Amino acid sequence: MMTGNGMRQCEHQNVYFGVVNIRYQNRTIGAVDVWRCTKCKKMFAEEKQLGILDITSEIGMPYIEPNERWAVLVCKLKSHKERWALVKVKKNSDIKHTCVDKEVTLNVSDYKVQDDRHWIFMIDESINREVEID
């Protein structure tokens, strides 16, 4: 398939690549399933929070831009399943986040959140591992 600029776009053939288990207070509270295209090696990620059965409004594999990476944003002000969320992040950018009762903008510098109440970890560095988010 061709894109508008004449470049060939990959017709992804995704296979299951691994999982990142999210733990809070010594219990698994969710996971991020990671898929990878066998052709272009692009990664796709899907959030699975235990106890949440809502179906996402996004059809197909969630997409990120070439200059983005998948990350988990952890909010220290929340608890249990509301404590984390799968996000798309650029190396130096901002993330919008609903924190407790209002939306805040978090500054990201070199894939690190510049805030003492929030932190992120990169999915591609945590595949097939458990990450404790206490």
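A brief report on the enclosed structure follows. The structure displayed is predicted, hence computed values, not measured ones. (Residues numbered from 1 in each chain as written. Predicted model: local features only at pLDDT ≥ 70, side-chain atom pairs only at ≥ 80, totals over all residues. Heavy atoms only, no water.)

## Some remarks on the pairing of strand 1 (residues 14-24)
Regular strands place side chains that alternate from one sheet face to the opposite one.
So, point 1. Relative to strand 2 (residues 27-37), strand 1 runs antiparallel, the two sharing 10 bridges. Bridge pairing in strand 2 places Tyr 16 opposite Trp 35.
So, point 2. Where strand 1 lies against strand 10 (residues 129-132), 4 bridges are found, and the strand directions are parallel. By the bridge assignment for strand 10, Val 20 is matched with Arg 129. (Pairing = 2+ DSSP bridges. Helix = DSSP H or I, 4+ residues; strand = E, 2+ residues; numbered from the N terminus.)

## Here we look at the side chain of Asp 33
So, point 1. Inspection of the secondary structure puts Asp 33 in strand 2.
So, point 2. For Asp 33, which is buried and forms no salt bridge, the nearest opposite charge comes from Lys 48, at a distance of 4.5 Å.
So, point 3. Beyond its immediate stretch of four places on either side in the chain, Asp 33 contacts Tyr 16, Gly 18, Val 19, Phe 44, Ala 45, Glu 46 and Lys 48. (Buried < 20%, exposed > 50% of the residue type's maximum accessible area, 1.4 Å probe, protein only. Lys, Arg positive; Asp, Glu negative; His and termini not counted. Salt bridge = Lys/Arg side-chain N within 4 Å of Asp/Glu carboxyl O. Contact = heavy atoms within 4.5 Å.)

## Description of the pattern of salt bridges
So, point 1. One pass over the structure, following the stated rule, counts 7 salt bridges.
So, point 2. Measuring nitrogen to oxygen at the nearest pair gives 3.1 Å for the salt bridge that ties Glu 125 to Arg 69. Here Glu 125 is found in the loop between strand 9 (118-122) and strand 10, whereas its partner Arg 69 is found in strand 4 (residues 68-75), with 56 residues between them in sequence.
So, point 3. Judged by relative accessible area, which is 18%, Arg 69 ranks as buried.
So, point 4. Notably, a salt bridge pairs Lys 91 with Asp 110, separated by 3.8 Å at the nearest N-O pair. On the criterion of sequence distance, the pair formed by Lys 91 in the loop between strand 5 (84-90) and strand 6 (92-99) and Asp 110 in the loop between strand 7 (102-109) and strand 8 (112-113) is long-range, its members being 19 residues apart.
So, point 5. One network of salt bridges, in which partners are shared, links Arg 23, Glu 130 and Glu 132.

## A word on the sheet that holds strand 10
So, point 1. As summarised here, the arrangement of the 4 strands in space is 3-2-1-10, forming an open sheet in which the pairing is mixed. Across the chains shown, the open sheet's two edge strands, defined by having one partner strand only, are strand 3 (43-49) and strand 10. The average angle at which neighbouring strand axes cross in this sheet is 25°, direction not considered. (Axes fitted to C-alpha atoms, helices over the stretch in contact; angles between N-to-C directions.)

## Some thoughts on the nonpolar core
So, point 1. Within the largest apolar cluster, 18 residues are counted, with the highest numbers of intra-cluster contacts made by Ile 22, Val 32, Val 72, Phe 121, Ile 123 and Ile 133.
So, point 2. Listed by contribution, the elements that provide at least two residues to this core are strand 1, strand 2, strand 4 and strand 5.
So, point 3. When sequence neighbours within four positions are dropped, the list of residues in contact with Ile 123 reads Val 20, Val 32, Val 34, Trp 70, Ala 71, Val 72 and Leu 86.
So, point 4. Core analysis: the next-biggest nonpolar cluster, separate from the first, contains 14 residues, Leu 73, Cys 75, Ile 95 and Ile 120 among them. (Core = buried A, V, L, I, M, F, W, Y, C linked by side-chain atoms within 4.5 Å.)

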